[in-house]
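Take a look at the letters that make up each chain.
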Amino acid sequence: MAQLLTHPETMKKARAEIDANVGTTRLAEEADMASLPYIQCVVRETLRLRTVGPVIVPHEAMEDCTVAGYCITRGTMILVNAWAIHRDTNVWDAPEEFRPERFWDDIAGGGAVAAPPMLPFGLGRRRCPGEGMALRIVGVTVAALVQCFEWDVGDVGAVDMAEGGGLTMPMVTPLVAVCRPFA
Ligand code: HEM
């Protein structure tokens, strides 16, 4: 919601997609997500830029291995900086910018043009088992919030996007937003 509030054009496109594919006579539901690729792009881009777990929980190398020329000895604790990987300028075009469109060809094109790999849910055997559920629930929740309400930042005037510290990355200033039901 913070990303949408700071990017009104994105909010407008998201609402237009919902209006065109769900309408106003019923609430957006999970089955609608397949026909809401732009909302999926918004969720994906938010997970990239505002990585929920910026440093993946510690893993341990089960055997000696080499990663990018570095020798990792069995038993070493591995900390993966997903935040930095998601902002790597060698991989992403203008990584500091919130651009849901960067996932369009991948999501709307059914994976024909794959977006660069990212790891908001970790990778490998210990990858988040809740990924499928999370993507569906977050997507349909955002869709319903955008469908039902008009949003603005109220008297505060601007959203403070400063990132705080922690295992899951909080906003330094919690988001305050005003919503009004559509007449
Ligand atoms: C947007 C929502 C979510 C995000 C960003 C997220 C992210 C993550 C990340 C980064 C990990 C660590 C993966 C690794 O060690 O490589 C993880 C682990 C895990 N997640 Fe999620 N998660 C989300 C939602 C969920 C949900 C909805 C569930 C359950 C219904 C869930 C259950 C778990 C469990 C059980 C683990 C531990 C897996 C293991 O260590 O074997 N997560 N998640």
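Note that this is a predicted model, so its numbers are computed, not measured.

K.L.:
How do you make sense of the site of the ligand when you look at a structure like this?
P.N.:
Around the ligand there are 14 residues in total, and V57, H59, F121, R126 and C128 lie nearest to it. In this structure, an oxygen atom belonging to the ligand sits 2.5 Å away from a side-chain N or O atom of H59. Measuring from an oxygen atom of the ligand, one finds a side-chain N or O atom of R126 at 2.7 Å. Among the residues making up the shell around the ligand, the classes are represented as ten nonpolar, three polar and one charged.

K.L.:
Is there a simple way to explain the UniProt feature "binding site: heme" (unreviewed entry) in the chain in this structure?
P.N.:
Feature annotation in UniProt assigns "binding site: heme" (unreviewed entry) to the following positions: C128. Structurally, the position occupied by C128 is in the loop between α5 (104-108) and α6 (131-148). Classification of C128 by relative accessible area gives partly exposed; the value is 33%.

K.L.:
Is there a simple way to explain the pattern of salt bridges in this structure?
P.N.:
Between side chains of opposite charge, a pair can form when the charged atoms approach closely. If you walk through the whole model with that rule in mind, you get 13 salt bridges. Where E163 meets R50, a salt bridge forms, and the shortest distance between an N and an O atom there is 2.9 Å. Of this pair, E163 sits in the loop between β5 (149-152) and β6 (178-181) while R50 sits in the loop between α3 (37-49) and β1 (59-60), placing them 113 residues apart in sequence. Here E163 falls in the partly exposed class, since its relative accessible area comes to 30%. What makes R50 partly exposed here is its relative accessible area of 25%. Counted as one network, the salt bridges with shared partners bring together R50, R87, E96 and E163.

K.L.:
Honestly, the side chain of D106 in this entry has me stumped. Any pointers?
P.N.:
For D106, the position within the fold is in helix α5. Look at D106 and you get buried, because its relative accessible area is 14%. Sequence-distant contacts of D106, defined by excluding residues within four places in its chain, comprise R44, G111, V113, A114 and A115.

K.L.:
When you look at the packing of aromatic side chains in this model, what are you seeing that I'm missing?
P.N.:
In this description, an aromatic ring pair is defined by two values, namely the gap between the centres and the angle between the planes. Under the definition given, this model contains two aromatic pairs. Between F149 and W151, the ring centres sit 5.9 Å apart and the planes meet at 75 degrees, which makes this aromatic pair edge-to-face. By relative accessible area, which is 19% here, W151 ends up buried. Sitting over the ring of W92, R48 keeps its end group 5.3 Å from the ring centre.

K.L.:
Can you walk me through a nonpolar patch on the surface in this structure?
P.N.:
On the surface, a cluster of nonpolar side chains totalling about 300 Å² of accessible area is made up of V55, M77 and L79. According to the relative accessible area criterion, M77 is exposed, its value standing at 56%.

K.L.:
Is there a simple way to think about the side chain of E17 in this case?
P.N.:
For E17, the position within the fold is in helix α2 (residues 8-21). For the buried E17, which has no salt bridge, the nearest side chain bearing the opposite charge is K13, at an N-O separation of 9.2 Å. For E17, the contacting residues outside a window of four places in its chain are S35, L36, P37, Y38, I39 and W104.

Conventions used here
- Residues numbered from 1 in each chain as written.
- Predicted model: local features only at pLDDT ≥ 70, side-chain atom pairs only at ≥ 80, totals over all residues.
- Heavy atoms only, no water.
- Near = heavy atom within 4 Å.
- Polar contact = N/O pair within 3.5 Å; in protein donor to acceptor, adjacent residues only side chain to side chain.
- Nonpolar A, V, L, I, M, F, W, Y, C, P; charged D, E, K, R; others polar.
- UniProt positions renumbered as here; feature names shortened; annotations may be inferred.
- Helix = DSSP H or I, 4+ residues; strand = E, 2+ residues; numbered from the N terminus.
- Buried < 20%, exposed > 50% of the residue type's maximum accessible area, 1.4 Å probe, protein only.
- Salt bridge = Lys/Arg side-chain N within 4 Å of Asp/Glu carboxyl O.
- Contact = heavy atoms within 4.5 Å.
- Phe/Tyr/Trp six-rings, centres within 6.5 Å; stacked < 30°, edge-to-face > 60°.
- Lys NZ or Arg CZ within 6 Å of the ring centre and 35° of its normal.
- Patch = residues over 30% accessible without salt bridge, like charges linked within 9 Å, V, L, I, M, F, W, Y side chains within 5 Å.
- Areas by Shrake-Rupley, 256 points an atom, 1.4 Å probe, with all protein chains shown as cover.
- Lys, Arg positive; Asp, Glu negative; His and termini not counted.

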